[in-house]
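Spelled out from the first residue to the last, the chains are:
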Amino acid sequence: MFLLPPVVANLGAADLAAAAAASSRPAECRVATPSHGLWQAARQPELGRYCRLLARGHALLGRSPASALLAAEQAERVLATRAAPALLAGRALWALGRPKDAHDRFLVARSRAPGSLETPEVLHAFAASSLRAGQGEHAHSAYRSLVPRVGLLSDRVARQRAYLEASLVLMHEGAIGEAVGALTEARRREVVPGLSELVAGALALALDRQGRREEARGVAAEAGAPSWLLALAEQPNARADVTAALVEGELWAIAAMVATFVEGDSAREAWRRYLDSPAVKNVALRKHAEERLRLLSQPARRR
């Protein structure tokens, strides 16, 4: 049975722990001076309990998202018009594998406070949950906003995942130049076993789609043997463990690209699987795959 590299297989806990540690207190829970705090407590006696619940929820987010969700729901009952409980609930629901519910809670938070989704950790969770929930427009917008802020994420695994996810979403909608930029930055900044090889494969694919074939060949070599990518493409659950954005079709394209330079038979099969997938909607990307398959189907001397 094919197994993911250890770092990749355990991304969820590391990502969430970093996000929880980096979370900031909502504005209503920040007290500038003791006298202001006393005045605020007298004016809103429920505020102290509300803030304690949120602090508890954020502290639990990494190790017990179900408990964090409970704290968010309790805080919501204390002060029902604030964005912070909905944000905490969204992140907890995403950690619990409930992307549709997470996406809905993030939208509630945004309706209460338009700028509430702008911190990198929240924006990443919103983008990923939107993608899994089938809300492509929200996902594309959020990932595009996230790219210049990825460096502010507190964990290197989260940064690498965010760059990879954003680039795949951008590439899928035809913004190949932006995808190349994001993947180049990911390749330059971080080395995360398992993810860095995926980044190299995705960058090779993006470069080849731009017509930069010799550059693509060089970068594809960094992804290693294509066998692990081909095996990964066969396993939907494993794909979900790696990153929210690895839709079936695009992973077949990455595997096909890496195999193109070393394993012709495997590459042909992978390109066919990509072309047969429901993910192939962009005309230019389809033409690129068809051209690659046509070249691989020619006799070796003609190629």
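(A) Local environment of the overall build of the chain. Each helix and strand counted, the chain has 18 helices and 0 strands in total. When burial is assessed residue by residue, the chain has 51% of its 303 residues classed as buried. Restricting to contacts in the chain with at least 6 residues of sequence separation, those with at least 24 account for 63%. Only carbon and sulfur atoms are counted for the fraction: they give 53% of the accessible area of the chain, which is about 13700 Å².

(B) How the structure looks around the packing of aromatic side chains. For the coordinates displayed, the defined rule picks out 2 aromatic pairs. A ring pair is formed by Phe106 and Phe126, whose centres lie 5.9 Å apart and whose planes are at 75 degrees; its orientation type is edge-to-face. With Phe106 in helix 7 (residues 99–112) and Phe126 in helix 8 (residues 120–132), this residue pair connects regions lying 20 residues apart in the sequence. As far as the burial class goes, Phe106 and Phe126 line up, both buried. Ring centres of Trp271 and Tyr274 lie 6.2 Å apart, and the angle between their planes is 75 degrees; this geometry places the pair in the edge-to-face category. You can see Trp271 and its partner Tyr274 sitting in helix 17 (residues 264–276), 3 residues apart, about one turn around the helix. For Trp271, a relative accessible area of 0% gives the class buried. Relative accessible area serves as the criterion here: at 1%, Tyr274 is assigned to the buried category.

(C) Representation of the state of the cysteines in the model. By the definition in use, this model includes 1 disulfide. Each disulfide pairs two cysteine sulfurs, and for Cys29 the partner residue is Cys51, the sulfurs being separated by 2.0 Å. Disulfide Cys29-Cys51: torsion about the S-S bond near -95 degrees, hence left-handed. A residue pair is termed long-range when its members are at least 10 positions apart, and Cys29 in the loop between helix 2 (11–22) and helix 3 (34–43) and Cys51 in helix 4 (residues 47–60) qualify at 22 residues. For the pair shown, Cys29 and Cys51 are each scored as buried.

(D) Layout of the confidence of the model for the chain. Across the chain, pLDDT averages 84, with 81% of residues at or above 70. Contacts for the low-pLDDT stretch residues 1–23, under 50 throughout, to residues beyond four places or in other chains number 45 contacts. In the predicted structure, residues 32–39 sits below a pLDDT of 50 and forms 2 contacts with residues beyond four places in sequence or in another chain.

(E) Broad picture of the environment of Ala128. Secondary-structure assignment places Ala128 in helix 8. Considered as a pair, Ala128 and Ala139 are 11 residues apart in the sequence and their alpha carbons are 6.8 Å apart.

(F) Representation of helix 5 (residues 65–78) in the model. Given a rise of 1.5 Å per residue, 14 residues ought to cover 20 Å, and the 20 Å separating the end C-alpha atoms of helix 5 matches this to within 8%. By the burial criterion, the buried members of helix 5 are Pro65, Ala68, Leu69, Ala71, Ala72, Ala75, Glu76 and Val78. Among the structural elements, helix 4, helix 6 (84–95) and helix 7 are those in contact with the buried residues of helix 5.

(G) Examining the pattern of salt bridges more closely. Inspection of the entire model under this criterion finds 23 salt bridges. Note that Arg294 is salt-bridged to Glu291, the shortest N-O span being 2.7 Å. Here the residue Arg294 and the residue Glu291 both occupy positions in helix 18 (residues 283–297), the gap between them amounting to 3 residues, near one helical turn. Assessed through its relative accessible area of 41%, Arg294 is described here as partly exposed. By relative accessible area, which is 28% here, Glu291 ends up partly exposed. It is possible to trace a salt-bridge network through shared partners that takes in Arg159, Glu185, Arg188, Arg189 and Glu190.

(H) The packing of helix 4 against helix 5, seen in detail. Direction vectors running N to C along helix 4 and helix 5 enclose 165 degrees, while the axes themselves pass 8 Å from each other. Our classification of the angle between helix 4 and helix 5 gives roughly antiparallel. For helix 4 against helix 5, the interelement crossing comes out left-handed. Each of Arg49, Tyr50, Leu53, Leu54, Gly57 and Leu60 in helix 4 lies in contact with helix 5, whose residues at this interface are Pro65, Ser67, Ala68, Ala71, Gln74, Ala75 and Val78. Here the residues of the contact of helix 4 with helix 5 are counted per class, giving 9 nonpolar, 3 polar and 1 charged.

(I) Region of interest: the nonpolar core. Tyr50, Trp271 and Tyr274 are the most contacted members of the largest nonpolar core, which has 95 residues in total. Ignoring any residue separated from it by four or fewer positions in sequence, one finds Tyr274 in contact with Arg209, Gly249, Glu250, Trp252, Ala253, Val280, Leu285 and Ala289.

Here is what the cut-offs are and how they apply
Residues numbered from 1 in each chain as written. Predicted model: local features only at pLDDT ≥ 70, side-chain atom pairs only at ≥ 80, totals over all residues. Heavy atoms only, no water. Helix = DSSP H or I, 4+ residues; strand = E, 2+ residues; numbered from the N terminus. Buried < 20%, exposed > 50% of the residue type's maximum accessible area, 1.4 Å probe, protein only. Contact = heavy atoms within 4.5 Å. Areas by Shrake-Rupley, 256 points an atom, 1.4 Å probe, with all protein chains shown as cover. Phe/Tyr/Trp six-rings, centres within 6.5 Å; stacked < 30°, edge-to-face > 60°. Disulfide = S-S within 2.5 Å. pLDDT = per-residue confidence, 0-100. Expected span 1.5 Å × (residues − 1). Salt bridge = Lys/Arg side-chain N within 4 Å of Asp/Glu carboxyl O. Axes fitted to C-alpha atoms, helices over the stretch in contact; angles between N-to-C directions. Parallel < 35°, antiparallel > 145°, perpendicular 65-115°, else oblique. Left-handed = near helix turned anticlockwise from the far one by under 90°. Nonpolar A, V, L, I, M, F, W, Y, C, P; charged D, E, K, R; others polar. Core = buried A, V, L, I, M, F, W, Y, C linked by side-chain atoms within 4.5 Å.

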